[in-house]
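Survey of secondary and tertiary structure
Each chain is listed here by its residues.
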Amino acid sequence: MCIRDSSTGIQAQSHEVIIAKDGMDDLELQHLLLEFGQRSNRILFVEGGALGRLIEKHPKLFFEVASTAPAVVCCRCLPTQKALVAERLRALGVRVAAVGDGGNDVGMIQSSDVGIGIVGKEGTQAALASDFSILCFRDLRKLILWHGRNAYKRSSTLAQFVIHRGLIISIIQLFFTLTFYYVAISIYNGFLLVGYTTLYTSLPVFCLIFDEDIDLKNLLKFPILYSQGQKGRELSSKTFLLWIWKSIYQGGLIFYLGLFLFDRSFLVIVTITFTALIFSELLNVYSELHLSLIHISEPTRQAEISYAVFCLKKK
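Summarised in this report is the structure supplied together with it. Please read these numbers as outputs of a predicted model, since none were measured by experiment. (Residues numbered from 1 in each chain as written. Predicted model: local features only at pLDDT ≥ 70, side-chain atom pairs only at ≥ 80, totals over all residues. Heavy atoms only, no water.)

Right, let's talk about the overall build of the protein chain for a bit. Counting secondary structure elements, the protein chain contains 14 helices and 7 strands. Contacts in the protein chain between residues far apart in sequence, at least 24 positions, make up 67% of those at least 6 positions apart. On the protein chain, roughly 17700 Å² of surface is accessible, and the fraction owed to carbon and sulfur atoms is 62%. (Helix = DSSP H or I, 4+ residues; strand = E, 2+ residues; numbered from the N terminus. Contact = heavy atoms within 4.5 Å. Areas by Shrake-Rupley, 256 points an atom, 1.4 Å probe, with all protein chains shown as cover.)

With that settled, consider the sheet that holds strand β5 (residues 97-100). Strand order in the open sheet made by the 3 strands is β5-β6-β7, with parallel pairing throughout. Bordering the open sheet on either side are β5 and β7 (132-134), each of which pairs with just one other strand. Averaged over all pairs of adjacent strands, the angle between strand axes in this sheet comes to 20°, irrespective of strand direction. Running over the sheet, helix α7 (residues 139-179) touches β5, β6 (114-118) and β7 and is turned about 140° from β7. (Pairing = 2+ DSSP bridges. Axes fitted to C-alpha atoms, helices over the stretch in contact; angles between N-to-C directions.)

For the rest of this paragraph, the subject is empty space enclosed by the protein. For the coordinates displayed, the defined rule picks out 1 cavity of 30 Å³ or more. If you go around the largest cavity, the residues you meet are R149, Y152, K153, Q228, G229 and E234. Counting only elements with at least two residues in the lining of the largest cavity, the list comes to α7 and α11 (227-230). Per-element tally for the lining of the largest cavity: the top contributor is α7, with 3 residues. (1 Å grid on protein atoms, 1.4 Å probe; cavity = no way out; pocket = protein on both sides within 12 Å on 5 of 7 lines; lining within 4 Å. Points joined across faces, edges and corners; volume = space filled by probe spheres on them.)

On to a nonpolar patch on the surface. On the surface, a nonpolar cluster with roughly 400 Å² of combined accessible area is contributed by L242, W245, I248 and Y249. Structurally, L242 is set in helix α12 (residues 237-260). (Patch = residues over 30% accessible without salt bridge, like charges linked within 9 Å, V, L, I, M, F, W, Y side chains within 5 Å. Salt bridge = Lys/Arg side-chain N within 4 Å of Asp/Glu carboxyl O.)

A positive phi angle, close to 55°, is found at R76, a residue other than glycine. Within the secondary structure layout, R76 lies in the loop between β4 (71-75) and α4 (79-91). The phi dihedral of Y181 is positive, around 60°, even though this residue is not glycine.

Looking now at α4. An α-helical turn contains 3.6 residues, so a residue and the one three or four places further along point in the same direction. Between the first and last C-alpha of α4 there are 19 Å, a value that for 13 residues agrees with the 18 Å anticipated at 1.5 Å per step. Three or more residues of α4 are buried, namely Q81, K82, A83, V85, A86 and L89. Just past α4, the residue G93 takes up positive phi, approximately 90°. (Expected span 1.5 Å × (residues − 1). Buried < 20%, exposed > 50% of the residue type's maximum accessible area, 1.4 Å probe, protein only.)

The next subject is the pairing of β4. Regular strands place side chains that alternate from one sheet face to the opposite one. Most of β4 sits inside the fold, with 4 of its 5 residues counted as buried. Inspection of the sheet shows strand β3 (residues 42-47) paired to β4 by 4 bridges, in the parallel sense. The residue of β4 that forms the bridge with V46 is C74.

Here's what the structure looks like:
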């Protein structure tokens, strides 16, 4: 059993290995953990008997050290010990992925956040109890680094974009209501609202699901790129507030440009703002795609929105 928080490997050249043996008494184990926690370039190996005494006598100290160490390897563990370690680490707020290939790993797999079962000579019990099943241990690298990273980045972008897509049309409605003396009518009729989320913007959104910012070969060559997901840079309060700001800014830009650059006819405002809204969402999707030959920056995107409105005026 291995506990680690690194994508570069279990042991680097600068890491020192510390071993907690079964023959050590409780005082020696406690001193070992205290000394281990003072330095960050050490890896801890714990034998099964020593692990049991650490969990019983010094649980708080052991799990604090285990959750912050580069790697902790526990050998000859009981099935109950594996499950208990996974549960305690989750209680500390650590995301746990458990990998097992036998029936004695079922408890650990079910106690973790993500369970990965390997179909091997010991049967399929671990695979049936897991969230993900693989045939070989070497497939674990591709599963985590490639599929896991892509799933996190794509779902994060898609979720925030869907929120933005629904919020921007509400912002336009808000500005319309405030501008026309709190009139209790909708700027867009039901057919436009239904078509906005289905016909006009549903298919482009699926481009975000198949987007790739790096190919498989380079990602496996530089596994440190996986740490971007561990730091939560794709889905955080900062990115969420940024999308909220985009909705407010783009909604106000679309409505007031359409209002001041064209005649004050209600029909003209509806047509212009809705057309500009569709163009804006398509540009938003395009700017989020990493496979694009040209990546549109935020100022360029806003300029494109303004240009689309001016083109409509000429027509």
